[in-house]
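Fold and geometry: a report
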Amino acid sequence: MIKVEHLSKQFGELTVLREVNAEIKKGEVISIIGPSGTGKSTFLRCLNLLEMPSGGRIFIDGTDILDKSADVPKLRQKMGMVFQSFNLFAHLTALENLTIGPVKLLGRSKEQAGKKAMELLKMVGLAEKAGSFPDELSGGQKQRVAIARCLAMEPEIILFDEPTSALDPTMVSEVLAVIRRLAKEGMTMAVVTHEMDFARDVSNRVFYMDEGIIYEEGPPQQIFENPQKEKTRVFINRVRSLTYHIRNQNYDLYAINGEIEHFCEKHVLPKTTRNKALLLVEELLAIFSAGQVTRQFEIDLTLSYSEKRDSLELVAESAGDYFNPFEENTLPDQLGTTIIKNLSENMEYQRVSDRNRFSMTVKKQ
Amino acid sequence: MEITVQKESHYVVVKAAGRLDTNTAPGFERECAACLTGSKGKIILDFSKLEYISSAGLRCILSMAKKLRANGGDLVLCSLSGFVEEVIRISGFDIFLPIFADVASAAHEN
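Summary of the structure given here. Worth saying up front: this structure is predicted, and the values here are computed from it rather than measured.

Right, let's get into the layout of surface pockets. Residue and element names in this part refer to chain A. In this structure, the largest pocket encloses a volume near 610 Å³. Along the wall of the largest pocket there are 20 residues; nearest its centre are M79, G80, M81, L105 and M153. Elements that contribute at least two residues to the lining of the largest pocket include exactly α2 (72-77), β6 (79-82), α3 (94-105) and α5 (139-152). Of all the elements, α3 adds the most residues to the lining of the largest pocket, at 6 residues. By residue class, the composition of the lining of the largest pocket is 11 nonpolar, 6 polar and 3 charged. Of the pockets and cavities examined, the second largest pocket occupies roughly 390 Å³. Forming the walls of the second largest pocket are 18 residues, and the residues nearest its centre are E230, R233, E313, V315 and R357. Secondary-structure elements contributing two or more residues to the lining of the second largest pocket are α9 (230-236), β11 (239-246), β12 (299-306), β13 (311-319), β14 (344-352) and β15 (355-362). The biggest single contributor to the lining of the second largest pocket is β15, with 4 residues. Here the residues of the lining of the second largest pocket are counted per class, giving 4 nonpolar, 7 polar and 7 charged. The residues that make up the lining of the second largest pocket include at least three from each of domain 1 (2-236) and domain 2 (238-362).

Okay, here's the thing in structure tokens:
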């Protein structure tokens, strides 16, 4: 239905979309997720040419809408758009908001349009508000009118640009319920959203956008349960991390401890977890110092806290020769390694790109 | 870290407060060295105010225990708090070092 190839968009010097390739098939519900500022809304706005792409091609039912000969208004009619800020006509009633488009653009009679509008208002649960002006409606009601208005134009696909972001939390569910119903009825939709439960439950596919591309796409189960790429994993698990680069054997343990304590405090981690993290880092550094066989001393420590899993992961990477202190007879004593083994779980050693990499999860109990 | 040394007739109490880690272990070792000189008695490490210990601290304790025992003396620990106690136990130090609830019980144990 929609095929996007090599889509790019720059605003002056700023590249928002670098190379977007995607396909949306009839009847699919696509959720577009990702951190703020990664081009999700711009991508949606490019699809119906509210933003003119800087490069690439967009095909709707096989027609390139960026081609000069394309009938853009007609192609646009196939796509409805629901905005974060509703964009209702303030001087028209809810009913009039729904009838103006069909009358003026689709050539419907006022009677036909009015009948259809009432059906749609009933469908979104707002028939009794037909005569109300937008100012007299709550945020959730306004957005439901906006969705009904969009449906009145009989679109083949609806693009939702963060439809619940401007709503009070109490009103989010009423709007999502309407979108869920449309999904059930087979409407093709692309939804930019921060509502992860909604994206997981309703979508056929999820696009995770980052770095100006669709960084990872897949069924909700893959994206939410088993993301394949690092940035998706960080986003989905709401991971916050602290990285510390050590380039000298006379490293400042006080400064490192200070950063770890600050990180743990920021994420309200219990004192025992904080102490374990401090001890794991200290022991790892001591072991690396003792086992340093080359002149190069280069260690990168990363502490990552996953809010979703409530777990703290530590990764230590060192440059230089192969060095695995957990092998027998590598160190003068086993005190450090015993402490590490007992305070962590899922410990792994890997030799990656001429670096020694240890990863472990800080034990909770 | 703060270290206070209290000498009694048959034993010495070394009270450590704060953190016993890579940075503070050398200072702790120096302070304790004075107690070890010619000592044949008992040294009680009172860790009631110790909040954190790493393998660097454990090595100091191990070294002190070895020296004392070689001279017929002994090293005992008391008043361990949560995290310090956990580290001492997972390191297996509770197997070869007597641990007491407080200074009084450590002092009266032969």
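Residues I43, L45 and F47 of chain B are the most contacted members of the largest nonpolar core, which totals 67 residues. Top element by residues in this core is helix α11 (residues 271-291) of chain A. It accounts for 9 residues. If sequence neighbours within four positions are ignored, L45 of chain B has contacts with V14, F28, I61, M64, L75, V76, L77 and C78 of chain B. In this structure, V82, L121, A152 and L182 of chain A belong to the second largest nonpolar core, which totals 37 residues.

Let us look at helix α2 (residues 55-70) of chain B. A rise of 1.5 Å per residue sets the reference length of α2 of chain B, with its 16 residues, at 22 Å; its end C-alpha atoms lie 22 Å apart and thus fit the reference within 8%. Just beyond α2 of chain B, the residue with positive phi is G72 of chain B, at close to 90°.

This next bit is on the interface of chain A and chain B. In this complex, chain A contributes 17 residues to the contact, which on the side of chain B involves 19 residues. Of the roughly 1,500 Å² buried between chain A and chain B on both sides combined, carbon and sulfur atoms contribute 56%. The three residues of chain A that bury the most area against chain B are N275, E282 and L335 of chain A, which together make up 32% of that side's buried surface. For the pair chain A and chain B, the interface holds 2 salt bridges. Across the pair K276 of chain A and E86 of chain B runs a salt bridge, and its minimum N-O distance is 4.0 Å. Summed over the shared surface of chain A and chain B, the result is 7 residue pairs in polar contact (both at pLDDT 80 or more). If you list the elements that add at least two residues to the side of chain A that touches chain B, you get α10 (253-266), α11 and α12 (335-343) of chain A. Partitioned by chemical class, the residues of the side of chain A that touches chain B number 7 nonpolar, 5 polar and 5 charged.

Definitions and cut-offs
Residues numbered from 1 in each chain as written. Chains lettered and ligands numbered in written order. Predicted model: local features only at pLDDT ≥ 70, side-chain atom pairs only at ≥ 80, totals over all residues. Heavy atoms only, no water. 1 Å grid on protein atoms, 1.4 Å probe; cavity = no way out; pocket = protein on both sides within 12 Å on 5 of 7 lines; lining within 4 Å. Points joined across faces, edges and corners; volume = space filled by probe spheres on them. Helix = DSSP H or I, 4+ residues; strand = E, 2+ residues; numbered from the N terminus. Nonpolar A, V, L, I, M, F, W, Y, C, P; charged D, E, K, R; others polar. Domains from an automatic or database assignment. Core = buried A, V, L, I, M, F, W, Y, C linked by side-chain atoms within 4.5 Å. Buried < 20%, exposed > 50% of the residue type's maximum accessible area, 1.4 Å probe, protein only. Contact = heavy atoms within 4.5 Å. Expected span 1.5 Å × (residues − 1). Buried area = accessible area lost by both parts, 1.4 Å probe. Salt bridge = Lys/Arg side-chain N within 4 Å of Asp/Glu carboxyl O. Polar contact = N/O pair within 3.5 Å; in protein donor to acceptor, adjacent residues only side chain to side chain.

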